2 protein chains.
Amino acid sequence: MQNALQALDLEKFLPYRLSVLAQLVSESLHDLYAGPFGLTVTQWRVMAALGRFAPLTASEVGQRIVMDKVAVSRAVSGLMKRGLVERAADPSDRRRASLRLSGKGLTMHDRIVPIALKYQADLYEALAPAERETLNGLCDRLFAHAKLLRKTA
Amino acid sequence: MQNALQALDLEKFLPYRLSVLAQLVSESLHDLYAGPFGLTVTQWRVMAALGRFAPLTASEVGQRIVMDKVAVSRAVSGLMKRGLVERAADPSDRRRASLRLSGKGLTMHDRIVPIALKYQADLYEALAPAERETLNGLCDRLFAHAKLLRKTA
DNA sequence: GCAAATTAGTTTCAAATGTAACTATTATGC
DNA sequence: GCATAATAGTTACATTTGAAACTAATTTGC
């Protein structure tokens, strides 16, 4: 058997690095709220979107958190069963329903937000303030470019 | 109902941003090799690890690509069924088996590597060379710090 | 104003994934 | 040297996820 012509060093390969970093960070944060509050990542993102922008329809939530409508539907269904989210039918368009946090949901939201912000602050301690700006700028540009590549490809 | 005391703007929240960026990049790359070669992300990572470092045991593959042994086992099983990977029992320890790409697997590997590197190059066009270095350095430090936080927490 | 196409959202079925239990083999402790 | 523990890897079961089909309501085109 011959050797590979050209090998790909995963450890230096950007898509792989981003994936591993994002997974570690996402799981670490999830560990902080999953136990006490029993939420999945998607459920928490739905709650965060509603905490900031309610009322929103399910579609609008999906756009905010970059999540397809099936995932949003399931997350909302779980949150409604636990009484964390309320749904109100839109009289002018009965396909739509506007969603908002219930009182109970808002209480939980307000307890999780500081935990999430604290984790972000802890994470940012690895970087100087100017570097945080830099990182965010670079991520923004990468993201925009990746979207562009996807469309043209 | 009252409003949230403090809201979390997901669009500016680092864990969320990393997650969305990594997902977009990972899916875009997957689109490039999934169709022609029918590989999952995990299968491709196993092949990449073997292309670079074979022979490896399943455990060693798992360490390289940060993947638990069940996922590796399943990916390898799929790759063996397609004749892309070969397994040789280790005579000195019959629990272990060393894995390597077959000739067919190597051929596929050598066709995918340039595609992956091309995608990375396209992605990097969003950034100046110095910025690429900067991004990688910042990601490294964030990753190390996130691992540290996880242990201490 | 009505048939056809769109849109919002849910349900269904298959595939992917995670956790725990399991088999087989090797290492450890007494 | 034999029982116990640890390790490599697989299998089984339950849960999550994704794609496609579906329901219900609204909009569009003629």
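Above this text is the structure in question.
The following paragraphs examine the structure supplied in this document.

Reading the values: rules and limits
Residues numbered from 1 in each chain as written. Chains lettered and ligands numbered in written order. Predicted model: local features only at pLDDT ≥ 70, side-chain atom pairs only at ≥ 80, totals over all residues. Least-squares fit on C-alpha atoms with pLDDT ≥ 70 in both. Contact = placed C-beta atoms within 7 Å. Axes fitted to C-alpha atoms, helices over the stretch in contact; angles between N-to-C directions. Helix = DSSP H or I, 4+ residues; strand = E, 2+ residues; numbered from the N terminus. Parallel < 35°, antiparallel > 145°, perpendicular 65-115°, else oblique. Left-handed = near helix turned anticlockwise from the far one by under 90°. Nonpolar A, V, L, I, M, F, W, Y, C, P; charged D, E, K, R; others polar. Near = placed C-beta within 6 Å.

## Digging into the relation of the copies chain A and chain B
Rotating chain A by 180° about the axis while translating it 0.0 Å along that axis superimposes it on chain B, leaving an RMSD of 0.1 Å. Such values leave the two copies arranged in the relation of a two-fold axis. The overlap is high: 100% of the interface residues of chain A also sit at the interface in chain B, so the same surface is used on both sides.

## Here we look at the packing of helix α3 (residues 58-65) of chain A against helix α4 (residues 69-81) of chain A
The angle between the axes and the distance between the axes are what describe a pair of packed helices. All names here are of chain A. One can describe the packing of α3 onto α4 by two numbers: an axis separation of 9 Å at closest approach and a directional angle of 110°. When the interaxial angle is binned, α3 and α4 end up roughly perpendicular. Crossing geometry of α3 relative to α4 is assigned as right-handed. In contact with Ala-58, Ser-59, Val-61 and Gly-62 of α3, α4 contributes Lys-69, Val-72, Ser-73 and Val-76. By residue class, the composition of the contact of α3 with α4 is 4 nonpolar, 3 polar and 1 charged.

## Concerning the protein's contact with DNA strand D
If you check the shell around DNA strand D, you find 17 residues, and the closest are Arg-94 of chain A together with Ala-58, Ser-59, Ser-73 and Arg-95 of chain B. Of all the elements in the fold, those that place two or more residues in the surface near DNA strand D are α4 of chain A together with α3 (58-65) and α4 (69-81) of chain B. Ranked by residue count, the leading element in the surface near DNA strand D is α4 of chain B, at 4 residues.

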